[in-house]
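# Commentary on secondary and tertiary structure
The residues making up each chain are set out below.
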Amino acid sequence: MSGGFRAAVEAGDVPAMQACLADDVVFRSPVAHKPYPGKAITSAILAHVIEVFEDFRYVRELGDESGHALVFEAKVGGLELTGCDFLVLDADGLITDFMVMVRPLKAAQALAEAMAARFPSIVELAASYGAE
């Protein structure tokens, strides 16, 4: 399913991204200490992060039947960053664990600030996804 997820991200297609997530997916942010459990909050985070990243592109993919690592490059606030989406898949190919890592620190801090500013909107969007 990661090929479908990658294509959805590259197209900016939030509903297609959601379709790749298991209901019990856990999102592990590069800038938050606690994981975010559930499809609604993960979907809302993804919907916002694709707006925060500038010039986003996947540059490499590694994986097997149980998961994938998607290496990406992007900019946040004009700062270049490199990151990786680590995806764990269930037997149906849906993402059950989604961990993101980014570098360098200055760009990670810019990402944290941008996402923190959007957090009230993320929570509101997650509530609307949960109501569907």
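Predicted model, so just to flag it, every value in this text is computed and none were measured.

### Points about the sheet that holds strand E3 (residues 54-64)
Strands sit in the order E2-E1-E6-E5-E4-E3 across an open sheet of six strands; the sheet is mixed. Single-partner strands in this sheet number two, and they are strand E2 (36-37) and E3. In the sheet, strand E4 (residues 67-76) pairs with strand E5 (residues 79-89) via ten bridges, with the strands oriented antiparallel. Residue pairing in the sheet places leucine 70 in a bridge with aspartate 85 of E5. In this fold helix H3 (residues 39-52) packs onto strand E1 (21-28), E2, E3, E4 and strand E6 (95-103), with an angle of close to 60° to the strand it touches most, E1.

### Describing H3
Over its 14 residues, H3 extends 20 Å from the first C-alpha to the last, a length consistent with the 20 Å expected when each residue adds 1.5 Å. In terms of burial, H3 is a largely internal element, ten of the 14 residues being buried. Buried within H3 we find Ile41, Thr42, Ser43, Ala44, Ile45, Leu46, Ala47, His48, Val49 and Val52.

### Remarks on the environment of arginine 28
Tracing the chain through its elements places arginine 28 in strand E1. Assessed through its relative accessible area of 33%, arginine 28 is described here as partly exposed. Beyond its immediate chain neighbours, meaning those up to four positions away, arginine 28 contacts Pro35, Asp97, Phe98, Met99 and Val100.

### Overview of the environment of isoleucine 41
Mapped onto the elements, isoleucine 41 comes out in helix H3. If we skip the residues at most four places from it in the chain, isoleucine 41 touches Tyr36, Ile122 and Ala126.

### Overview of the packing of aromatic side chains
Scanning the model with the defined rule gives eight aromatic pairs in all. Linked through ring pairs, Phe53, Phe56, Tyr58 and Phe72 together constitute an aromatic cluster.

What counts and how
- Residues numbered from 1 in each chain as written.
- Predicted model: local features only at pLDDT ≥ 70, side-chain atom pairs only at ≥ 80, totals over all residues.
- Heavy atoms only, no water.
- Pairing = 2+ DSSP bridges.
- Helix = DSSP H or I, 4+ residues; strand = E, 2+ residues; numbered from the N terminus.
- Contact = heavy atoms within 4.5 Å.
- Axes fitted to C-alpha atoms, helices over the stretch in contact; angles between N-to-C directions.
- Expected span 1.5 Å × (residues − 1).
- Buried < 20%, exposed > 50% of the residue type's maximum accessible area, 1.4 Å probe, protein only.
- Phe/Tyr/Trp six-rings, centres within 6.5 Å; stacked < 30°, edge-to-face > 60°.

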